[in-house]
Amino acid sequence: MKLFEDLQYRGLVHSFSDPELIDKLNNEKLTFYLGTDPTGESLHVGHLVVFLLAKRLEMKGHKPLLLIGGATGFIGDPRPGNEREFLSKETLEHNTISLFNQVQKLFKCQMVNNYDWTKDLSFIDFLRKYGKHFSINYLLAKESVASRLQTGISFTEFSYNLMQAMDFHHLYLTENCTLQIGGQDQWGNLLSGLDLIRKLEKKAECYCLTAPLLTKADGGKFGKSEGGESIWLSEDKTSVYEFYQYWINTADNDCESRLKTFTFLDKAQIDELAQAIKTAPEKREAQKILAFEVTKVVHGEDKTKEAIMLSEKLFTGDISNLTKQQIESAFKGIEASAQTEISLIDALITLKLAVSKREAREFIQNGSISVNGIKINDSELILNASNALHKKYNIIRRGKKKYAYIIH
C-alpha cells in the first residue's frame, strides 16, 4: 500500500488542495511543516492525529519542519467564544522549549519560530507586502472569523490568518517547503498561505493536507477523560498510568478506527484485532494493544510497561509494595481525604464507598473491603500513619474496581 492510500485507510485524510499531491507524497521527498502556538506547555491527545500524520510522512522520507508560533502565540488564533488572554514573552519562550522537546520524542524535526521573521517587520511593510493580497470579503468568509462575527472579534485576532499565510510563504522561500499539514479546522488558514504563495511567486507548486478532527462513536469529545479533563502528553499533567488507562478504556465501537489512526500496526494486524473485538470483546485484546502502542510512542516502552504493571496490580489488589511515586501516579484523581486518624467505618462514608455506617459494616462483614491490599473484617479498625503505606497512604478497595484513599 502506497503512502497516500495508507493515510486514507487510516482515516488521516480530510481535505487536500490538489490531486497532484498524491503522486508527490508517494514518489517524491517533500519538505513540509505543521505548526502549533505555544499557548500551553503541553500538547494533548487531540494534537496526536496531526503529529502522528507528520511522523508517518517523516518515516517515508519527507522532511518535517515544526513551526512554533512565537509570533502568532502573541496574537492568538480566533476560537469560538471570547478573545484569548495575552501571554508574556517569558511564558511563550518556556512553552516553546517544552513543546519542541515533547515533539522530538515523537519524531525528529527541525524547529522554526515565526517570531524570528516577524519581529522586525514594520506595520507599513506588513500592510503593503501582505495585506494588499487579502480582501476583507475573503477573510470574513473564513470559518474562524465568521463564527465570531456575532460576538465580536478584534483586529488583532482578525489578522491571525494573514500571519499564518506569511509563515508558509517564508518557509517556501527559505526552506523549499511545499506542503503544510494541519487539522481540518485549520483548512482556511492553510489555503490562505497557499493563495499568498501563488500570488507572490506565480508558478509555485505548493499543497495543503488536513486530517479530520476525531469524535467518539457515542458523540463524546475525543481526548477528554470521563471527568471531562484533557489527556495531556506531558506526564506532569497526565501520568503515564492515566494516559494508558485512557486508551485501554476505548469503547469497542471506536477501537478499530483508533488502531488505524494512532498505531503503526499493519492492516493484517488491525483486521485480526478487529475480529477479536467481535468474537471475544470481554478479553479487550484490541484495547490492550492500542493502549500499549500509543503509550509506547508517547512515553517509551519502559514507562509503558510500568503503567501495565500498575494496572495489573490495581486489578488484582496487590498494592502493598507500590512505591510512593506509583501510588501518586495510579491514584491521581481518585477520591481522597486528608485525615490524621479515622475509623474504617467513617472512612468508607467519607470516601463515598458507603452511604451509612450500617452499609459500611455490611461491606466489611461480607469481605468486600480491603486496606492496602489486605482484606479487612474488623469493623473497629482505626486508620492512621502507623498502619499506612509509606506512613502516608491507606488505600481502600471496595469490591474489584472501586478505590479511594486516606492521606495521613
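What counts and what doesn't
Residues numbered from 1 in each chain as written. Predicted model: local features only at pLDDT ≥ 70, side-chain atom pairs only at ≥ 80, totals over all residues. Heavy atoms only, no water. Buried < 20%, exposed > 50% of the residue type's maximum accessible area, 1.4 Å probe, protein only. Helix = DSSP H or I, 4+ residues; strand = E, 2+ residues; numbered from the N terminus. Pairing = 2+ DSSP bridges. Salt bridge = Lys/Arg side-chain N within 4 Å of Asp/Glu carboxyl O.

Points about the pairing of strand S5 (residues 177-183)
Link 1 in the chain: Burial analysis of S5 places seven of its seven residues in the buried class, which makes it a mostly covered element.
Link 2 in the chain: As paired elements, strand S2 (residues 31-36) and S5 share three bridges and run parallel to each other. From the neighbouring strand, tyrosine 33 faces S5, where its bridge partner is glutamine 180.
Link 3 in the chain: Both S5 and strand S6 (residues 207-211) contribute to a ladder of five bridges, which runs parallel. Following the sheet pairing, isoleucine 181 is matched in S6 by leucine 209.

Re the pattern of salt bridges
Link 1 in the chain: Counted by the stated rule, this structure contains 12 salt bridges.
Link 2 in the chain: Across the salt bridge formed by lysine 303 and glutamate 235, the nearest N and O atoms sit 2.5 Å from each other. Of this pair, lysine 303 sits in helix H17 (residues 301-316) while glutamate 235 sits in the loop between S6 and helix H13 (240-248), placing them 68 residues apart in sequence.
Link 3 in the chain: A relative accessible area of 36% means that lysine 303 is categorised as partly exposed.
Link 4 in the chain: When the shortest N-O distance is used, the salt bridge between aspartate 271 and lysine 267 registers 2.9 Å. On the criterion of helical spacing, the pair formed by aspartate 271 and lysine 267 is a turn pair, its members being four residues apart in helix H15 (residues 267-279).
Link 5 in the chain: The partly exposed category is assigned to aspartate 271, whose relative accessible area is 32%.
Link 6 in the chain: It is possible to trace a salt-bridge network through shared partners that takes in Lys24, Glu28 and Glu205.

Here we look at unusual backbone geometry
The phi angle of most residues is negative, glycine excepted, and most peptide bonds adopt the trans form.
Link 1 in the chain: For asparagine 176, which is not glycine, the phi torsion reads 55° and is therefore positive.
Link 2 in the chain: The residue asparagine 176 is located in the loop between helix H11 (160-175) and S5 in this model.
Link 3 in the chain: Taking the relative accessible area as the measure of exposure, asparagine 176 reaches 54% and is therefore exposed.
Link 4 in the chain: One non-glycine residue, lysine 391, adopts positive backbone phi at about 60°.
Link 5 in the chain: When you line up the elements, lysine 391 lands in the loop between strand S11 (382-384) and strand S12 (393-398).
Link 6 in the chain: For lysine 391, a relative accessible area of 57% corresponds to the exposed category.

Keep in mind these values describe shape, not function.
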